[in-house]
Amino acid sequence: MKNTFVLLVLLTTFQFFGQNDQKAAFQKNKYELAVSYYKKANFVKAIDLFSLAAKIKPENEIAQESSKMVDTLREVLRKQILDHAIGTWKRSGNQPVWVSAQTNSTNETLFDEVIEIKEDSILFFEVNRKTKIKKLIKTENLIYNDSNNTVSLFSEIILSNGTIWNCNIDERTNVLHVVNVAVKRKERVEKIEANNEESYYVKI
C-alpha cells in the first residue's frame, strides 16, 4: 500500500513537471515567433503573440519581457492609427463604402454625420446638407481600452456611455471602419457576439 502511494506521488509529480515543460516550450516558441515578426516590423502579429506568451506562465522572465513588448507596441500602433485618423470624417453608412455608393440615391436624410478626430478627443457633428451649417452634437475624450480587450490590444476605444468600439483604417481608400465590440459595465466588460453596430466613414 505504501509503495502504491509513493508511485502515485511520483506519477503526479512527473505529470506536473511534464505539463510545465510543455507550457514553457510553448511559451518560448510563441515569444520567439513574436520577436521574428517584430524584427520584420509586423507589429500587429507581434503584439498578439507577445500577449499570448505573457499569459502562458505569467510569473517567469519571458512573460515579463513579453508584457513590456505589448506595452511598447501598443503605443507604436496607436500612434500609427492616430496619425492617419486625425482629421474630419463623414459617415457613409453601416455598410462598406462601395455598397453605400450604390444606394446613395435613396438616401433622403437632411443631415450628414461628421466626426472630427483630434489627438485627445472626438467631436461629433450634424451638418445640414443644404445650408452646410455644422452643429456640434457631443464631444468624447479619446480613451483607449487597455484591459479586457475583446478584439484588439491596441485599437479599441471606450465612449462615455460604456460602449467599446474597435477602429480600423484602410489607408489606401481612406475609410474608417468602427464596430461596437463590447459594453463596459460596472463589474465587467460584456462582449457583443452578434449583430454588432458598425459604421463606415470617409475622410473629407
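The structure presented is a predicted model; accordingly, all values stated were derived computationally and were not measured.

Caption draft 1: Here's a closer look at the nonpolar core. Trp89, Ile115, Ile117, Ile122, Ile157 and Leu176 are the most contacted members of the largest nonpolar core, which totals 16 residues. Mapped by element, the contributors of at least two residues to this core are α3 (61-85), β2 (111-117), β3 (121-128), β6 (163-170) and β7 (175-184). Non-local contacts of Ile122, meaning those with residues more than four positions away in its chain, are made with Ile115, Glu116, Ile117, Lys138, Thr139, Glu140, Leu142 and Ile157. By size, the runner-up hydrophobic cluster in this structure holds 12 residues, among which are Ala46, Phe50, Leu73 and Phe154.

Caption draft 2: Here's a closer look at the packing of helix α2 (residues 43-56) against α3. Where α2 contacts α3, the axes come no closer than 8 Å and their chain directions differ by 150°. Our classification of the angle between α2 and α3 gives roughly antiparallel. Like other packed secondary-structure pairs, α2 and α3 cross with a definite hand, here left-handed. Counted together, Phe43, Val44, Ala46, Ile47, Phe50, Ser51, Ala53 and Ala54 of α2 and Ala63, Ser66, Ser67, Met69, Val70, Leu73, Arg74, Val76, Leu77 and Gln80 of α3 form the full contact between these two elements. Tallied by class, the residues present in the contact of α2 with α3 amount to 13 nonpolar, 4 polar and 1 charged.

Caption draft 3: Representation of α3. Taking 1.5 Å per residue as the helical rise, α3 with its 25 residues ought to reach 36 Å, and the 36 Å between its terminal C-alpha atoms agrees with that figure. Of all the positions in α3, only Ala63, Ser66, Met69, Val70, Leu73, Arg74, Leu77, Arg78, Leu82, His84 and Ala85 are classed as buried.

Caption draft 4: A look at the environment of Asn128. Residue position: Asn128 is located in strand β3. By relative accessible area, Asn128 is classed as buried at 19%. Here the alpha-carbon distance between Asn128 and Asp112, two residues 16 residues apart in the chain, equals 6.5 Å. Excluding anything up to four places from it in sequence, Asn128 contacts Leu110, Phe111 and Ile133. Only 3.0 Å separates the side chain of Asn128 from the backbone nitrogen of Thr131, close enough to count as a polar contact.

Caption draft 5: Layout of the packing of aromatic side chains. Evaluated as defined, the whole model comprises 2 aromatic pairs. Note on Tyr38 and Phe43: the rings are 5.6 Å apart at their centroids and 40° apart in plane angle, and the pair reads as tilted. According to the relative accessible area criterion, Tyr38 is partly exposed, its value standing at 35%. The buried category is assigned to Phe43, whose relative accessible area is 19%. Directly above the ring of Tyr37 sits Lys40, whose terminal nitrogen or CZ lies 5.6 Å from the centroid.

Caption draft 6: How the structure looks around the pattern of salt bridges. Here the structure, examined in full by the defined rule, presents 12 salt bridges. We note a salt bridge from Lys79 to Asp83, for which the minimum N-O separation is 2.9 Å. You can see Lys79 and its partner Asp83 sitting in helix α3, 4 residues apart, about one turn around the helix. For the salt bridge of Glu190 with Arg185, the shortest nitrogen-to-oxygen distance reads 3.5 Å. Among the charged side chains, a salt-bridge network with shared partners connects Asp71, Arg74, Arg78 and Asp146.

Caption draft 7: How the structure looks around the pairing of strand β4 (residues 134-141). Of the strand pairs in this sheet, β3 and β4 are connected by 7 bridges, and their pairing is antiparallel. Bridged to Glu126 within β4 is Lys135. If you look at the hairpin formed by β3 and β4, you'll find 5 residues sitting between the two strands, and Lys132 has a positive phi there, around 65°.

Caption draft 8: The pairing of β3, seen in detail. Burial runs high along β3: 7 of the 8 residues are buried. For β2 and β3, the ladder comprises 7 bridges, and the chain directions are antiparallel. From the neighbouring strand, Val114 faces β3, where its bridge partner is Phe125. If you look at the hairpin formed by β2 and β3, you'll find 3 residues sitting between the two strands.

Procedures and definitions
Residues numbered from 1 in each chain as written. Predicted model: local features only at pLDDT ≥ 70, side-chain atom pairs only at ≥ 80, totals over all residues. Heavy atoms only, no water. Core = buried A, V, L, I, M, F, W, Y, C linked by side-chain atoms within 4.5 Å. Buried < 20%, exposed > 50% of the residue type's maximum accessible area, 1.4 Å probe, protein only. Helix = DSSP H or I, 4+ residues; strand = E, 2+ residues; numbered from the N terminus. Contact = heavy atoms within 4.5 Å. Axes fitted to C-alpha atoms, helices over the stretch in contact; angles between N-to-C directions. Parallel < 35°, antiparallel > 145°, perpendicular 65-115°, else oblique. Left-handed = near helix turned anticlockwise from the far one by under 90°. Nonpolar A, V, L, I, M, F, W, Y, C, P; charged D, E, K, R; others polar. Expected span 1.5 Å × (residues − 1). Polar contact = N/O pair within 3.5 Å; in protein donor to acceptor, adjacent residues only side chain to side chain. Phe/Tyr/Trp six-rings, centres within 6.5 Å; stacked < 30°, edge-to-face > 60°. Lys NZ or Arg CZ within 6 Å of the ring centre and 35° of its normal. Salt bridge = Lys/Arg side-chain N within 4 Å of Asp/Glu carboxyl O. Pairing = 2+ DSSP bridges.

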